[in-house]
Amino acid sequence: MRVESGSAQERGILLESLATLLEKTTASHEGPASGNRGLTDLLPPEVCSLLNPAAIYANNEISLRDVEVYGFDYDYTLAQYADALHPEIFSAARDILIEHYKYPEGIRKYDYNPSFAIRGLHYDIQKSLLMKIDAFHYVQLGTAYRGLQPVPDEEVIALYGGTQHIPLYQMSGFYGKGPSIKQFMDIFSLPEMALLSCVVDYFLGHSLEFDQAHLYKDVTDAIRDVHVKGLMYQWIEQDMEKYILRGDETFAVLSRLVAHGKQLFLITNSPFSFVDKGMRHMVGPDWRQLFDVVIVQADKPSFFTDRRKPFRKLDEKGSLQWDRITRLEKGKIYRQGNLFDFLRLTEWRGPRVLYFGDHLYSDLADLMLRHGWRTGAIIPELEREIRIINTEQYMHSLTWQQALTGLLERMQTYQDAESRQVLAAWMKERQELRCITKALFNAQFGSIFRTFHNPTYFSRRLVRFSDLYMASLSCLLNYRVDFTFYPRRTPLQHEAPLWMDQLCTGCMKTPFLGDMAHIR
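Keep in mind that this is a model prediction, so the values were computed, not measured.

**A short note on unusual backbone geometry**
So, step 1. In this model, Lys300 is joined to Pro301 through a cis peptide bond whose omega is 10 degrees.
So, step 2. Of note in the backbone geometry, Ser128 takes a positive phi value of approximately 50 degrees without being a glycine.
So, step 3. Mapped onto the elements of the fold, Ser128 is located in the loop between strand E5 (122-124) and strand E6 (129-133).
So, step 4. Its identity as a non-glycine residue notwithstanding, Arg246 has a phi of 60 degrees, on the positive side.
So, step 5. Along the chain, Arg246 turns up in the loop between strand E10 (244-245) and helix H8 (247-259).

As structure tokens, this is what we get:
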């Protein structure tokens, strides 16, 4: 079918619109002396201040008035940890690889780079490829790394049979683990990804042959050893002021809920001695009186699916008791167990329970999909990403990308030589802007929530497994205990004929690019 070129008058209107926008963009870079506010004219004055890093964002409508019982994970939920913990984990696991797994001494030269990886990335074990995948299972080109080096887009496409698409059977399963691809979902995985990339980089740089699966397993085992041997617990216990953040805010959240008659429980995989010291630091020696049930070493996510493990009571010294558990008592500590016995003994069921955790799979997925609990995801990265979204640089870049995209969509009907030349220039500029916007978040992988335009696979799971998400538990202090959260009505594509005139930033209002309206 031949594409009609359209009238010269219509094309003239488009080019005039572009000229107007280019003048504004140029003026915005010349500063206030030009007497023209530039691209800022395209934005309502309040748009950059709409996003609040301390806000709670809703994927599903939920009224806290209906919530009677609040549950919590411990690590990165009740206890927020400083980033200073990550280089400690990295260095300890690196040394374990060298000293216990007999990896080359040269690996010791690598230090932790906090700016390398982001949460939610996928790792193809057989290809030693760390990459970012969108909600539709496509690799975002420019975000695939082998070791510490980027892999050319052409090679990535060739590795997957001439496509950027990763088939469903290869993708991570329900808990983020597929047959050959692993998704890194928790915050503790940041040093793991960094170490994995450094070790691969060393082997490739020294032309050493290695089995990809063995290397991956050794690195993950070394990271696991840091936790199993209690090294991480020791560091935190020795300097809680350094590693634990917002402890006073955690105390305020728990005290406020109890004061309003809410019941609280804790389910964590961490051991009692570690949790007890951390809670004493944040809340005080009587912290257990705030909770109706406390469960440690729960072994999530199997806690939610395996009916076989019984609850065991711990005495005041943390020693196991042998008596059969017929009820869960306030002030007592229990180990292991399973959710089915928990539900039977507490009768806490359905949407009157709201559980908070940081791991979308291990903490939230089963509770929402299988048991109908309401769920809240703690996403510490959200605070930094929102602050970036609120910057003038980001808003200008995104606005111009949207403007170019709209012009490209309309202009593609014109097939003469001049129009094709203009289209090519716009495509090039649009791609450059995308890369600039990506680098604002992370030079290698960009935002954890978006590829260039699509949601990431991480975002897809976040929306699926959480009713609410927020940067920290302290965000609850900004809302009444009977507050109702309403998700914003996000237009479907067929509901948004003016999609090019909308800013995809999550703002509460949809800015309208008035200067472009006449070309639609």
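**Quick notes on the sheet that holds strand E9 (residues 181-183)**
So, step 1. A sheet is described by the order of its strands in space; here five strands give the open sequence E8-E7-E6-E5-E9, paired in antiparallel fashion. Here the strands that pair on one side only, and so sit at the sheet edges, are strand E8 (149-150) and E9.
So, step 2. Taken together, the three bridges between E6 and strand E7 (residues 139-146) define a ladder with antiparallel strand orientation. Following the sheet pairing, Met131 is matched in E7 by Ala144.

**Concerning the pairing of strand E13 (residues 311-314)**
So, step 1. Covered by surrounding structure in E13 are Phe311 and Lys313 together with Arg312 and Leu314, the residues of both alternating faces.
So, step 2. Pairing geometry for E13 and strand E14 (residues 333-336), over four bridges, is antiparallel. When the sheet's bridge partners are listed, Phe311 is paired in E14 with Gln336.

**Observations regarding the UniProt feature "binding site: Mg(2+)" (unreviewed entry) in the protein chain**
So, step 1. Within this structure's numbering, the places UniProt gives as "binding site: Mg(2+)" (unreviewed entry) are Asp73 and Asp358. Maximum C-alpha separation among the annotated residues is 7.7 Å over a sequence range of 286 residues, consistent with a single clustered spot.
So, step 2. Tracing the backbone shows Asp73 in the loop between strand E3 (69-72) and strand E4 (80-81).
So, step 3. Each residue touching Asp73, except ones within four places of it in the same chain, is listed here: Leu78, Leu266, Ile267, Thr268, Lys300, Tyr355, Phe356, Gly357, Asp358 and Asp363.
So, step 4. Among the polar contacts made by the side chain of Asp73, one reaches the side chain of Lys300 at a distance of 2.9 Å.
So, step 5. Within the fold, Asp358 resides in the loop between strand E15 (353-357) and helix H11 (360-371).
So, step 6. Asp358 has contacts with Asp73, Asp75, Tyr76, Thr77, Arg119, Asp186, Ile187, Asp363 and Ile378, leaving out every residue within four places of it along the chain.

Thresholds, definitions, all that
Residues numbered from 1 in each chain as written. Predicted model: local features only at pLDDT ≥ 70, side-chain atom pairs only at ≥ 80, totals over all residues. Heavy atoms only, no water. Helix = DSSP H or I, 4+ residues; strand = E, 2+ residues; numbered from the N terminus. Pairing = 2+ DSSP bridges. Buried < 20%, exposed > 50% of the residue type's maximum accessible area, 1.4 Å probe, protein only. UniProt positions renumbered as here; feature names shortened; annotations may be inferred. Contact = heavy atoms within 4.5 Å. Polar contact = N/O pair within 3.5 Å; in protein donor to acceptor, adjacent residues only side chain to side chain.

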